[in-house]
Amino acid sequence: MFCRNCGKEVPENAEVCVNCGMKPLMGKKFCQNCGAETKENQEVCTKCGVKLKSSMGKGAKSKLVAGLLGIFLGYLGIHKFYLGYPVPAVIMLLLSIIGGFLTFGAVTGIMGLIGLIEGILYLTKSDEDFDDIYVQNQKKWF
Ligand SMILES: [Zn+2]
Ligand SMILES: [Zn+2]
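As the structure is a computational prediction, the values presented were derived from the model and not from experiment.

For the protein chain, the domain assignment lists domain 1 (1-56) and domain 2 (63-136). Centre-to-centre, using C-alpha coordinates, domain 1 lies 33 Å away from domain 2.

This is the structure in structure tokens:
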């Protein structure tokens, strides 16, 4: 792959570019796939057609944190707040509290199960897939 800051070729998944010292995906000036120049807010490389990657994204989120929040506090929708999905998060929170109250905890249990499954799904994804699916593309359920 190529450093997105300086356009030099770097090893696949390199943490730091040996040429410029930045994280290779922190820059926005070159395509990570072919090294062609790109513009600041370009999403797709005009030369090779790949989706441009950026670790700046919407603020790198930790897969581990999101997964553990889902598993342990999933019924409160905390993992969705963490990932920046306030609406589904509030839905889960309200269903757990109000729905749970009306159904003697049954709905809370279901919300807990959804959180658990989502937490496990997060943890089984690779870091790259997690970032792509849940941070960049904001997949809100499962
Ligand atoms: Zn570089
Ligand atoms: Zn390209």
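What follows picks up the thread again.
To continue, consider the coordination of the zinc ion (ligand 1). Every protein donor of the zinc ion (ligand 1) is accounted for by Cys-3 (SG), Cys-6 (SG), Cys-17 (SG) and Cys-20 (SG), and the metal-donor separations fall at 2.2 to 2.3 Å. Relative to the metal, the four donor atoms surrounding the zinc ion (ligand 1) lie at angles of 106 to 118°, and the coordination shape comes out tetrahedral. In primary-sequence terms, the residues that donate to the zinc ion (ligand 1) follow C-x2-C-x10-C-x2-C. Of this pair, Cys-6 sits in the segment before helix 1 (63-73) while Cys-20 sits in the segment before helix 1; the two residues are 14 residues apart in sequence, bridging distant segments of the chain. With a relative accessible area of 29%, Cys-20 lands in the partly exposed category.

To continue, consider the pattern of salt bridges. Under the criterion given, the structure shown has four salt bridges. Across the salt bridge formed by Lys-51 and Asp-132, the nearest N and O atoms sit 3.4 Å from each other. Of this pair, Lys-51 sits in the segment before helix 1 while Asp-132 sits in helix 5 (residues 127-136), and the two are 81 residues apart along the sequence. Given the relative accessible area of 33%, Asp-132 is considered partly exposed. Between Glu-118 and Lys-80 there is a salt bridge; the shortest N-O distance is 2.8 Å. In this pair, Glu-118 sits in helix 4 (residues 106-124) while Lys-80 sits in helix 2 (residues 78-83), placing the two residues 38 residues apart along the sequence. In this structure, Glu-118 and Lys-80 share a single accessibility class: buried.

Okay, the coordination of the zinc ion (ligand 2) next. Coordination of the zinc ion (ligand 2) by the protein is provided by Cys-31 (SG), Cys-34 (SG), Cys-45 (SG) and Cys-48 (SG), with metal-donor distances spanning 2.2 to 2.3 Å. Each of the four donor atoms bound to the zinc ion (ligand 2) contributes to angles spanning 104 to 115°, and the resulting shape is tetrahedral. Considered as a linear motif, the donors of the zinc ion (ligand 2) on their single chain read C-x2-C-x10-C-x2-C. Here the residue Cys-34 occupies a position in the segment before helix 1, and Cys-45 occupies one in the segment before helix 1, the gap between them amounting to 11 residues.

With 17 residues, helix 3 (residues 86-102) ought to run about 24 Å at 1.5 Å a step, and its terminal C-alpha atoms sit 23 Å apart, in line with that. Within helix 3, the axis deviates most sharply at Leu-95, by approximately 25°. Here helix 3 has its buried residues at Pro-88, Ala-89, Met-92, Ser-96, Gly-99 and Gly-100. Buried residues in helix 3 make contact with helix 2 and helix 4. Remark: Phe-104 follows helix 3 within two positions and exhibits a positive phi of approximately 55°.

In this structure, Asn-13 takes a positive phi of about 60° despite not being glycine. Tracing the backbone through its elements, the reader meets Asn-13 in the segment before helix 1. At Phe-104, a residue that is not glycine, the phi angle is positive and equals roughly 55°. Classification of Phe-104 by relative accessible area gives exposed; the value is 81%.

About the cut-offs
- Residues numbered from 1 in each chain as written.
- Chains lettered and ligands numbered in written order.
- Predicted model: local features only at pLDDT ≥ 70, side-chain atom pairs only at ≥ 80, totals over all residues.
- Heavy atoms only, no water.
- Domains from an automatic or database assignment.
- Donors = N, O, S within 2.8 Å, 3.2 Å for Na, K, Ca; no water.
- Tetrahedral: all angles 85-135°; square planar, octahedral: opposite > 155°, others 65-115°.
- Helix = DSSP H or I, 4+ residues; strand = E, 2+ residues; numbered from the N terminus.
- Buried < 20%, exposed > 50% of the residue type's maximum accessible area, 1.4 Å probe, protein only.
- Salt bridge = Lys/Arg side-chain N within 4 Å of Asp/Glu carboxyl O.
- Expected span 1.5 Å × (residues − 1).
- Bend = angle between axes of the 7 residues up to and from the residue.
- Contact = heavy atoms within 4.5 Å.

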